[in-house]
Amino acid sequence: MSATARHLASALEALGETTNDVAEFLTAGGWTGLRSDGRACPIAIYLSSVVPNLSDVYVTPYELVVVTGDGEEIDTGLPVGPSDFVSAFDDGAYDDLAAVITDEFGEVTDDIER
């Protein structure tokens with residue numbers, strides 16, 4: 001197992017075992033993100049900030065894919081708590097963890113150029 005895979009496993013374990021554990025952990029750390037965006041959900045933002053040498057992170061309720069700066073790809077399932085959190089978050093739960101996007105006039109918008 002690579003060092004990145006070990007860091008990733010530890011970071012996922014730290015999130016907690018239940019949906020609420022995950023939400024509380026992310027809230028305490030200030031990690032927010034976008035709903036239904038695998039590269040910008042709170043878990044992806046968290047992992048990008050705490051696991052060294054990641055160039056891409058993609059999270060779905062069922063899968064986590066990361067690519068390291070060295071090109072190594074790690075594709076794994078999510079533990080139950082984080083998986084359930086992603087589903088609940090994408091369905092509208094945990095508003096305090098949802099980032100707000102604004103346009104150039106400061107108006108809240110959901111239009112994001114990707």
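See above for the structure.
The structure contained in this document is the topic of the report that follows. What you see is a predicted model; the values in this text were computed from it and never measured.

### Side note on the overall build of the protein chain
No. 1: Looking only at helices and strands, the protein chain features 4 helices and 3 strands.
No. 2: Its helices and strands in sequence order give the protein chain the pattern α-α-α-β-β-β-α, from N to C terminus.
No. 3: Taking 2.2 N^0.38 as the reference for a compact globule, 114 residues should give roughly 13 Å; the C-alpha atoms of the protein chain span a radius of gyration of 14 Å, in line with that estimate.
No. 4: On the principal axes, the C-alpha backbone points of the protein chain span a range of 45 × 30 × 20 Å.
No. 5: Scored against the burial criterion, the 114 residues of the protein chain give a buried share of 37%.
No. 6: For the protein chain, the proportion of contacts with a sequence separation of at least 24, taken over those separated by at least 6, is 46%.
No. 7: Of the roughly 6,500 Å² that the protein chain leaves accessible, carbon and sulfur atoms contribute 48%.

### A word on helix α1 (residues 3-15)
No. 1: The terminal C-alpha atoms of α1, which comprises 13 residues, lie 19 Å apart, in line with the 18 Å expected from a rise of 1.5 Å per residue.
No. 2: Those residues of α1 that sit buried are Thr-4, Ala-5, Leu-8, Ala-11, Leu-12 and Leu-15. When α1 is viewed along its axis, its buried side chains cluster within an angular range of 125° and face the same direction.
No. 3: Lining the buried residues of α1 we find α2 (19-29), α3 (42-50), β1 (54-59), β2 (64-68), β3 (73-76) and α4 (80-90).
No. 4: In the segment just after α1, Gly-16 is the residue with positive phi, at about 115°.

### A short note on the environment of Leu-54
No. 1: Structurally, Leu-54 is set in strand β1.
No. 2: Those residues in contact with Leu-54 that sit more than four places away from it in its chain are Thr-4, Leu-47, Ser-48, Val-66, Val-67 and Thr-68.

### With respect to the pattern of salt bridges
No. 1: Overall, the coordinates contain 2 salt bridges when judged by the stated rule.
No. 2: Across the pair Arg-35 and Asp-95 runs a salt bridge, and its minimum N-O distance is 2.6 Å. Here Arg-35, found in the loop between α2 and α3, pairs with Asp-95, found in the segment after α4; they are 60 residues apart in sequence, far enough to count as distant.
No. 3: Residue class for Arg-35 comes out partly exposed when judged on its relative accessible area of 25%.
No. 4: Of the charged contacts in the structure, one is a salt bridge between Asp-56 and Arg-39, with a shortest N-O distance of 2.9 Å. Here the residue Asp-56 occupies a position in strand β1, and Arg-39 occupies one in the loop between α2 and α3, the gap between them amounting to 17 residues.

What counts and what doesn't
Residues numbered from 1 in each chain as written. Predicted model: local features only at pLDDT ≥ 70, side-chain atom pairs only at ≥ 80, totals over all residues. Heavy atoms only, no water. Helix = DSSP H or I, 4+ residues; strand = E, 2+ residues; numbered from the N terminus. Rg over C-alpha atoms; globule rule 2.2 N^0.38 Å. Buried < 20%, exposed > 50% of the residue type's maximum accessible area, 1.4 Å probe, protein only. Contact = heavy atoms within 4.5 Å. Areas by Shrake-Rupley, 256 points an atom, 1.4 Å probe, with all protein chains shown as cover. Expected span 1.5 Å × (residues − 1). Arc of directions from axis to C-beta. Salt bridge = Lys/Arg side-chain N within 4 Å of Asp/Glu carboxyl O.

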